[in-house]
Amino acid sequence: MAVLLLLLLLLAASSTSTADEAFIGVNIGTELSDMPHPTQVVALLKAQQIRHIRLYDADRGMLVALADSGIQVIVSIPNEQLLGIGQSNSTAANWVSQNIVAHYPATNITAICVGSEVFTTTPNAAKILVNALKYVQSALVASNLDRQIKVSTPLPSSIILDSFPPSQAFFNQSLNSILVPMLNFLQSTGSYLMLNIYPYYDYMRTDGVIPLDYALLEPLPPNKEAVDSNSLLHYTNGFDAVVDAAYYAMASLNFTNIPILVTESGWPSKGDASEPDATLENANTYNSNLIRHVLNKTGTPKHPGVAVSTFIYELYNEDMKAGPLSEKNWGLFDPDGKPIYVLHLTGSGNVLANDTSNQTYCTAKDGADKKMLQAAIDWACGPGKVNCSALLQGQPCYEPDNVFAHATYAFNTYYHQMGEAPGSCDFNGVAAVTTTDPSHGSCVFPGSLGKNDTMLGNLTAPSMNSSSTDSSAYGFYGDPFTRIATMIGFLISSAVLL
């Protein structure tokens, strides 16, 4: 078992180290009234197996907490510091020394965002943006870090005009005097075009012209797909259309080999009366679909199979953000690390698993034979040494009083007593592992998180020896031959694994 686990860990590590492999990252904003300590942030990232993050600054506490974590980090020069860095090579060198050299390589910094959406948020700094990029790059060269750390600046997709059909897209021509030398810089340094893409805003601006499913990356029937009349490429979602529009816009300026990194994308989970589509369901749907789309390396119609790695906006809800209600509700987690919603990511790997602990649970299978479930309950609450007292009438897990619910509690408790070992969630084929926490109300299942984020797992409670039949869920009146068969099944599966 130990050798098998080690091999799996090595395989996972090698799979995340491939330079050109698609990945999902997460942005971390800090406008929270109760911002978690950096060590808590890193603990959440590790629990969620998030290996790529983007910071909006170069906070020393975060960079120290991230040291030796293996997490790849993009740091940022805030817009308010841009004028100083873009006007002084020495200021840029000093920034790199204090915020990069002081932490690398213990903290795995992979890129620097020089400002963010400068053209639209800080237009007075746009004229020195390319200088800032070059000065930061020169400082990296001087520190011999230019091959390890890329330099770029996130652009808003709104600077791409006439974005559909994508084949006729072009950048706002009034910006070309800055964009052309910027693209030259990105090409010469092997960096990428950083782009922020928000289909939510595109959908809101068109007042229903763009179908909601198209914005949410939901599957579309062929007759609903958008067709580029020039390239004849079919588009099933707005995300791909904007990425391809960026490719075409760069090509219109004779740049055809600069990769794209999406530095922000997401969907708000709550909005005010004027934002009816900012809902939990839509946020879940968009982010779940986007994560699958990226990790499957689907690519875009123009570049199928070419990875477009993406950073989800964002890790936490930022309750101090100004603006409409939606601005405060883009996060995946609240400050306590509890998920705002459970992502639908079955079959999409372990990144951003469905709960804050990456826990798994053992539940009764839908449609399982009730007699087999009862026999398995009898075994778990007897020879399996599960404490089933919580299933007694009047106790927290008595309701709902049915064999399926009681079986799930008994199965899950046994599964966690056995350390979630392979084969410990089978029960003669009537149980299955899930990432969805079956806890409900005051009935907290082993493996779930308590109020203080304490794991309620690996229980070693004594067996319940009562023969009371107040609840059919733990009365030991099942067929003894079925119980023996169940036990034999466990022994055989354990032997095979050993």
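Scroll up to find the structure this text is about.
Residues numbered from 1 in each chain as written. Predicted model: local features only at pLDDT ≥ 70, side-chain atom pairs only at ≥ 80, totals over all residues. Heavy atoms only, no water.

Ranked by internal contacts, the top residues of the largest apolar core, which has 96 residues, are V75, I100, I112, V114, F119, M182 and L315. Per-element accounting of this core gives the leading share, 8 residues, to helix α11 (residues 238–251). When sequence neighbours within four positions are dropped, the list of residues in contact with M182 reads F119, L129, V130, L133, T153 and L155. Counting 27 residues, the second largest nonpolar core, distinct from the first, contains L373, A407, A410 and C443. (Core = buried A, V, L, I, M, F, W, Y, C linked by side-chain atoms within 4.5 Å. Buried < 20%, exposed > 50% of the residue type's maximum accessible area, 1.4 Å probe, protein only. Helix = DSSP H or I, 4+ residues; strand = E, 2+ residues; numbered from the N terminus. Contact = heavy atoms within 4.5 Å.)

All chains considered together, the criterion is met by 17 aromatic pairs. Note on F23 and F311: the rings are 5.6 Å apart at their centroids and 80° apart in plane angle, and the pair reads as edge-to-face. Of this pair, F23 sits in the loop between α1 (2–16) and β1 (24–28) while F311 sits in strand β13 (residues 310–312); the two residues are 288 residues apart in sequence, bridging distant segments of the chain. Residue classification places F311 among the buried positions, given a relative accessible area of 1%. On the numbers, 6.1 Å between centres and 85° between planes, the contact of Y198 with Y313 is edge-to-face. With Y198 in the loop between β9 (193–196) and α9 (199–205) and Y313 in the loop between β13 and β14 (361–364), this residue pair connects regions lying 115 residues apart in the sequence. (Phe/Tyr/Trp six-rings, centres within 6.5 Å; stacked < 30°, edge-to-face > 60°.)

A word on the sheet that holds strand β3 (residues 72–77). Strand order in the open sheet made by the 9 strands is β5-β4-β3-β2-β1-β13-β12-β9-β6, with parallel pairing throughout. Looking at strand neighbours, the two that pair on one side only are β5 (150–152) and β6 (155–156), the edges of this open sheet. Inspection of the sheet shows strand β12 (residues 260–265) paired to β13 by 2 bridges, in the parallel sense. Bridging across to β13, S265 finds its partner in I312. Where helix α8 (residues 176–189) meets the sheet, it contacts β5, β6 and β9, and its direction lies at approximately 170° from that of β5. (Pairing = 2+ DSSP bridges. Axes fitted to C-alpha atoms, helices over the stretch in contact; angles between N-to-C directions.)

For helix α14 (residues 403–417), built from 15 residues, the straight-helix expectation of 21 Å at 1.5 Å per residue is met to within 8% by its first-to-last C-alpha distance of 21 Å. Among the 15 residues of α14, 14 are classified as buried, and the element is accordingly described as predominantly covered. Where α14 begins, the side chain of N402 points an oxygen toward the backbone nitrogen of F404, at a separation of 3.1 Å. Of the residues trailing α14, G419 is marked for its positive phi of about 70°. (Expected span 1.5 Å × (residues − 1). Polar contact = N/O pair within 3.5 Å; in protein donor to acceptor, adjacent residues only side chain to side chain.)

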